[in-house]
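Observations on the model geometry
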There are 4 protein chains.
Amino acid sequence: MNILFVGDVFGSSGRRIVAEHIGHVLESNVVDLCIINGENAAGGFGLTPSIADDLFDLGAHVITTGNHFWDKKELLDYLKVPVDSHDRPRRILRPANFAPKTPGFGVYEGELPTGQTYAVVNLQGRVFMSQNDDPFRKADELLNGIRSRVIFVDFHAEATSEKIALGWYLDGRVTAVVGTHTHVPTADDRILPGGTAYQTDVGMSGPYDSVIGVEREAVINRFLTGQPAKFEAAKGNPKMAATLVECDGATGRAYGIRRILLGE
Amino acid sequence: MNILFVGDVFGSSGRRIVAEHIGHVLESNVVDLCIINGENAAGGFGLTPSIADDLFDLGAHVITTGNHFWDKKELLDYLKVPVDSHDRPRRILRPANFAPKTPGFGVYEGELPTGQTYAVVNLQGRVFMSQNDDPFRKADELLNGIRSRVIFVDFHAEATSEKIALGWYLDGRVTAVVGTHTHVPTADDRILPGGTAYQTDVGMSGPYDSVIGVEREAVINRFLTGQPAKFEAAKGNPKMAATLVECDGATGRAYGIRRILLGE
Amino acid sequence: MNILFVGDVFGSSGRRIVAEHIGHVLESNVVDLCIINGENAAGGFGLTPSIADDLFDLGAHVITTGNHFWDKKELLDYLKVPVDSHDRPRRILRPANFAPKTPGFGVYEGELPTGQTYAVVNLQGRVFMSQNDDPFRKADELLNGIRSRVIFVDFHAEATSEKIALGWYLDGRVTAVVGTHTHVPTADDRILPGGTAYQTDVGMSGPYDSVIGVEREAVINRFLTGQPAKFEAAKGNPKMAATLVECDGATGRAYGIRRILLGE
Amino acid sequence: MNILFVGDVFGSSGRRIVAEHIGHVLESNVVDLCIINGENAAGGFGLTPSIADDLFDLGAHVITTGNHFWDKKELLDYLKVPVDSHDRPRRILRPANFAPKTPGFGVYEGELPTGQTYAVVNLQGRVFMSQNDDPFRKADELLNGIRSRVIFVDFHAEATSEKIALGWYLDGRVTAVVGTHTHVPTADDRILPGGTAYQTDVGMSGPYDSVIGVEREAVINRFLTGQPAKFEAAKGNPKMAATLVECDGATGRAYGIRRILLGE
Ligand SMILES: [Fe+2]
Ligand SMILES: [Fe+2]
Ligand SMILES: [Fe+2]
Ligand SMILES: [Fe+2]
Ligand SMILES: [Fe+2]
Ligand SMILES: [Fe+2]
Ligand SMILES: [Fe+2]
Ligand SMILES: [Fe+2]
C-alpha cells in the first residue's frame, strides 16, 4: 500500500505547484492514500472550505493542519460535523491535542475502495509552540481507539527533539510519523527498527524563494528592526515537497519511505 | 576551491565515525578548507582542548561551536589567546554575537598553503534560544572587517525562519551560510541567486539511533513526565553529516553545494 | 476561619526568618490553617523530607511546591504514600497538573481539630514555564471531586495574565487563589466579587538582598555574559512574606485578605 | 525633588482615572517631574500623538512606552524629530535597546523651570520577551552620555529576576529603576543601599476588573481553548497606579519611594 503525504501547502503558488505535479505523482507511484497538510493553503495563513475542496479535488483523502488552523474563521464552523461522518469536513483534521472544545477532530478512520482501512492522526508539538495537551499521552489514548492497522501520523512541531522522540515512542505502533511546520524538508527519512516510517519534516509545498513561504523582505526587516509587519505569501520558485511511504496494508508496517521535491 | 563543513560532532561515536570517513572524504573531494562544528564533541556537551586537538588532527582548519560552548570550563581558559594568533586555540570559534566579554572569538581569518585566504564566521540565532546580540547586525559588522573573499558562516540556530532569513540577508556577500544546532540534516542545500551556498542544517555527526544524540529512553521519559534527567550520549547508528561547498577562491562565489551522510 | 499562606521559603535564611516570626503570626491572628510553599526551602532548590519536617514543625498543615519540586530526588520517593493517607508526605503537594505519573499529589483534603474541613490545591502555570496539563481544566476536574467548602489554591505561575485569569475563573468556586513563583509580593490582594480572595504573588520568604533569592553577583554576571553559573542562595535581608485570608468556614467564602511582610 | 511615575495607562478608563487623580497627586506631593508610561493608552494597544497630547496636558514631562510601542503606526512618524529637540515628540520614549533604526529615542534629558536637570531612560527586558539589545550594556552606554545627576529608569520587563538584577546593577548610578509591563503593582518598593529607588512593577493605571486591562471573558476563553481572539480594553474598577520618588536633585540620590493606588 502506497501513501503520499504532501507537506504544508503554502498560498496560491503552493496550490498551483501541487496541482501541476500531484496527478502524475499519484499515478506513477500507484498511490492508494493521499494526505495533504493544508494549514497554509489560504494565502499562507489557514485554510478555507473552498480551498479544502480544491485539495480534495486534487486527490487528498484527508487534510491535516496545525497552528494555523485558527486563521480562517469560516473553517471552524465548517468542521462542525458528527464524529462518524465521512464527508469532506470530517476529513479535515486539526491537532488532536488541542483543547477538547476545539471544533473538528484530530483523527480520522476511513476505508479505501479496496476495503483497506486506515487512520490519519494529527498532533501538534509543545516545545517552542503554544500550550496544548501532551502529544505523547494523546497519541497513546488515540491509538487505543483506532481499529485500522495502517496509521499515519502528521506531527506538526518545531523542535527536532520532540519530533524524533515521538517517532521512537510510536515506532512499531504506527505506520508513519512525519513532521510538518518548519517548512524545510529534512534528509533523515528512514524506517525505524519497529517498522515505522519516519521523517522529521516533509517540508513546505510552496515558494522556496521566500522565508518559509513569506516574502523575504518583510521577514528580514522584522529581524532587523523588531517591528511587527504584515506578512504576504511569496510566489517565487515553488516546489511541491512530499513523502511517499510504502507499507503492508495487512500489518501497517512500513517498508519504504522516499522524499519527493518537484519544482517548475 | 573546495570547503568541507562537518556538522555537530556528538560524543565518542560521533568522533569515531568522523575519524573513519573524513580522510577519504577530504582526499577524494580535494578539499582545501575543513571546518568542523565541535560543540557536542565531548560526551555530547561541549568541547575540551584535548578533543579539539583530535578534531584538528583529523584535518580541521577551524572548529566552530554554539550554545554548548560553555559546557566545559577548561575550554574557556584555553581560548585566551591574542586576536592575531593563528594557533589552535585561536581557530576554535564561539558565536560572534555572544556578549563582548565572552572568551574567544567569533571570526577567524586564515591563509591556506596555496596563499588562498578565507574567513570563518560563527553566529548564533536568537529565536527560541538564549539572549544574544543581533546576528544580522553582527554579521554586517564582521563583514566590514573581513579582508578575505571566501567567507564561510556557521549559523547555529533553531528556527528555520531565522536561518533562511540570514541566508538571504548575506546572499552575495559570503561564500556560504550553513546552519547547525537542530542535529537533523535538511534537504534544502542550494546556491542562492547572489552566489551564496545555503543549507538550513548540516545535521549531526553522531549516533542517529538517539534523540538528537542523546539516549532516547531518557528523553522520551522527560517528555512523558516532565522530570529533569541526566542525558547521556547515545552510541547507535553513527553517521557523519557534512556539506561540501565549491567556490571560486578569487571571488568567494559558490557554485556547488552537496550533502554528505556516511554511516558504518 | 483564618488561613495563613507563607510564600516560597528560600534557603536557610528563609527558613530562619519564618521560624522567627511564624509562631507569633499564627497566634496573634488566631490562624486555623497554615500552608507554606516550600519549593525553595532546601538551599533555594527544592525540598527534602527533613526540611519539610521543619516546616511542619513550624505549624504548616500543608506544604505546596512548584517547578523546583524535582530538585531533590529524595523527596520523590518520600511522597509515595496512599492517596487516603494523612501523614506528612501526603500533605506535601506538587502541582496537580504535572503529568499523571508524577510522584505525589496535587490536592489534599484535611480536617482541623474543630471538625472544619478544607482542601489545598497546587497548580502550575504554563505561560513562560514548562509544558504541563491545562491548569484551568485541571482545576475544574479537581473541584468536582472536592467535598470541602474551604478550598485554598496555590497557583505557581510566572505570567500575571495567567494568574489573574485563573483567579477570575475560580471566583466564587474557591476560597482563595494566591500566586507564587515570581518571589515578589504584589500589592493587588483583594476579594473578587464572587467571594474569592486573590493575590497575584505572595512573594518569597527569603533573602531580599538578592535576585529572587540568589546571590546577586552571579545572576548579574549571567545577564552580562550569558555564561551559565552555579547559583547560591543569598543570606542578606531576610523577610517572611505571607498572606492572611479570612473566610467563612461554612461557605468557604472569603471576606478578608491581608499581606504580611516581616524582616529582622 | 519629587518625581511621580504613573504606570502603564490602559485604555480610556485608564486615561480617565489618571485625569481624575493626577492633578491632586501632583499638587499635594509637590511633584517636580512627572513621567507616564503610555504604551497601552490607546485602547490598550499603543499610543497615538493625540493621546500623547492628552497625557502631556495632564502634566507629563516625559512619556515612556514598551513592547506596545509599535501598535499605532502614526506614532512612528510622529517621533521623527532631531535628537536635540525638546518638543513633545522628543519627549515620548521607546525602549533604548530596540534596534538602532527604530524611530524615536530611548533617553531624554531635560531641564525643569528651576534649572534642575534630569534624564529619563526607557529600557526593555529580554527574558520572556522579544529579541532586543542587552539592556544592561545599553544602560552602561547611556549612562556614559548622560550629564544629569537625576536619572529615572523605566524598565519594561516581564521577569522579576531581570528587573531586580538591573536594579542592583544600576544601584548608586541612577535615581530610580521602576518596572512596568506586568500591569500588577508590586509591594517591594525600597531604597537600595547605593541610593537608588527600586520597585519591580508600578502596576497598570487602568481597569482592574480585567485580565491586565483586557476584558476577562476573552482572555479566559483563550486560555481554555487556545483560540486566538480579539482583545478589548475592559472598563471596570479603574485605578491609577503610580510611584512617588523623592531624591536629592544635586546628587540624584533617592531617599524616599512610595506606592500610590487610587480608584474611583
Ligand atoms: Fe505550516
Ligand atoms: Fe505550522
Ligand atoms: Fe549541537
Ligand atoms: Fe546547539
Ligand atoms: Fe519559588
Ligand atoms: Fe517556582
Ligand atoms: Fe503595558
Ligand atoms: Fe508591555
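A brief look at the structure comes next. (Residues numbered from 1 in each chain as written. Chains lettered and ligands numbered in written order. Predicted model: local features only at pLDDT ≥ 70, side-chain atom pairs only at ≥ 80, totals over all residues. Heavy atoms only, no water.)

Residue and element names in this part refer to chain B. Only Asp 8 (OD), Glu 39 (OE), Asn 40 (OD1) and His 183 (NE2) from the protein coordinate the iron ion (ligand 3), and they sit 2.0 to 2.2 Å from it. Coordination at the iron ion (ligand 3) comes from four donor atoms whose angles at the metal span 88 to 156°, giving a geometry best classed as irregular. Mapped onto the sequence, the donors of the iron ion (ligand 3) take the spacing D-x30-E-N-x142-H. Here the iron ion (ligand 3) and the iron ion (ligand 4) are spaced 3.4 Å apart, with Glu 39 acting as a shared donor. Here Asp 8, found in the loop between strand E1 (2-6) and helix H1 (11-28), pairs with Glu 39, found in the loop between strand E2 (33-37) and helix H2 (49-57); they are 31 residues apart in sequence, far enough to count as distant. We classify Asp 8 as buried; its relative accessible area is 0%. Judged by relative accessible area, which is 1%, Glu 39 ranks as buried. (Donors = N, O, S within 2.8 Å, 3.2 Å for Na, K, Ca; no water. Tetrahedral: all angles 85-135°; square planar, octahedral: opposite > 155°, others 65-115°. Helix = DSSP H or I, 4+ residues; strand = E, 2+ residues; numbered from the N terminus. Buried < 20%, exposed > 50% of the residue type's maximum accessible area, 1.4 Å probe, protein only.)

Residues and elements named next belong to chain C. Strand order in the open sheet formed by six strands is E4-E5-E6-E7-E9-E8, and the pairing between neighbours is mixed. Either end of the sheet is taken by a strand with one partner, and the two such strands are strand E4 (107-111) and strand E8 (190-191). Direction of pairing for strand E5 (residues 117-124) relative to strand E6 (residues 150-156): parallel, over a ladder of seven bridges. Looking at the pairing, Ala 119 lines up with Ile 151 of E6. (Pairing = 2+ DSSP bridges.)

A word on empty space enclosed by the protein. Residue and element names in this part refer to chain A. Considering all chains together, one arrives at four cavities of 30 Å³ or more under this definition. In this structure, the largest cavity encloses a volume near 140 Å³. The biggest single contributor to the lining of the largest cavity is helix H5 (residues 160-170), with three residues. Broken down by class, the residue content of the lining of the largest cavity amounts to nine nonpolar, three polar and two charged. (1 Å grid on protein atoms, 1.4 Å probe; cavity = no way out; pocket = protein on both sides within 12 Å on 5 of 7 lines; lining within 4 Å. Points joined across faces, edges and corners; volume = space filled by probe spheres on them. Nonpolar A, V, L, I, M, F, W, Y, C, P; charged D, E, K, R; others polar.)

Residues and elements named next belong to chain B. Within E1, five of the five residues are buried, which leaves the element mostly enclosed by the surrounding structure. Of the strand pairs in this sheet, E1 and strand E11 (residues 238-247) are connected by five bridges, and their pairing is antiparallel. Residue pairing in the sheet places Asn 2 in a bridge with Glu 246 of E11. Of the pairings in the sheet, the one linking E1 to E2 comprises four bridges and is parallel in character.

Our focus in this paragraph is the interface of chain B and chain A. Contacts between chain B and chain A engage 34 residues on the former and 34 residues on the latter. Carbon and sulfur atoms supply 69% of the area that chain B and chain A bury against each other, a total of about 3000 Å² over both sides. Counting the surface chain B buries against chain A, the share from its top three residues, Phe 128, Trp 168 and Phe 223 of chain B, is 21%. At the junction of chain B with chain A, the criterion picks out two salt bridges. For Asp 209 of chain B, the salt bridge identified is with Arg 190 of chain A, shortest N-O distance 2.6 Å. Linking chain B to chain A there are 10 residue pairs in polar contact (both at pLDDT 80 or more). Going through the elements one at a time, helix H5 (160-170), helix H6 (216-225) and strand E12 (254-262) of chain B are the ones with two or more residues in the side of chain B that touches chain A. Ranked by residue count, the leading element in the side of chain B that touches chain A is H5 of chain B, at seven residues. (Contact = heavy atoms within 4.5 Å. Buried area = accessible area lost by both parts, 1.4 Å probe. Salt bridge = Lys/Arg side-chain N within 4 Å of Asp/Glu carboxyl O. Polar contact = N/O pair within 3.5 Å; in protein donor to acceptor, adjacent residues only side chain to side chain.)

For the rest of this paragraph, the subject is helix H1 (residues 11-28) of chain C. Residues and elements named next belong to chain C. Its 18 residues give H1 an end-to-end C-alpha distance of 26 Å, which sits within 8% of 26 Å, the value for a rise of 1.5 Å per residue. Those residues of H1 that sit buried are Gly 11, Ser 13, Gly 14, Ile 17, Val 18, His 21, Ile 22, Val 25 and Leu 26. The inward-facing, buried residues of H1 abut strand E1 (2-6), strand E2 (33-37), strand E10 (206-207), strand E11 (238-247) and strand E12 (254-262). Where H1 terminates, the next one or two residues include Val 30, which has phi positive at roughly 45°. (Expected span 1.5 Å × (residues − 1).)

Moving on: the sheet that holds strand E9 (residues 197-199) of chain A. By definition, the strands of a sheet pair up through backbone hydrogen bonds, in either a parallel or an antiparallel sense. Residue and element names in this part refer to chain A. With mixed pairing, the six strands of this open sheet are ordered in space as E4-E5-E6-E7-E9-E8. A strand with exactly one partner marks an edge of an open sheet, and here the two such strands are strand E4 (107-111) and strand E8 (190-191). Sheet analysis places strand E6 (residues 150-156) next to strand E7 (residues 176-180), joined by five bridges and oriented parallel. In the strand pairing of E7, Phe 155 is matched with Gly 179. The strands that helix H4 (residues 135-145) touches are E4, strand E5 (117-124) and E6; relative to E5, the one it contacts most, it runs at about 165°. (Axes fitted to C-alpha atoms, helices over the stretch in contact; angles between N-to-C directions.)

Mapped onto the fold, Val 83 of chain A is located in the loop between helix H3 (73-78) and E4. Through-space distance from the C-alpha of Val 83 of chain A to that of Phe 105 of chain A is 7.5 Å; in sequence the pair is 22 residues apart.

Pairing between side chains of opposite charge can happen when their charged atoms approach one another. Evaluation of the coordinates by the stated rule reveals 48 salt bridges over all chains. A salt bridge links Asp 133 of chain A to Arg 137 of chain C; the nearest nitrogen and oxygen atoms lie 2.6 Å apart. Taken together, the residues Asp 133 of chain A in the loop between E5 and H4 and Arg 137 of chain C in helix H4 (residues 135-145) connect one chain to another. Overlapping salt bridges, with partners in common, bring together Asp 53, Asp 57 and Arg 88 of chain A in one network.

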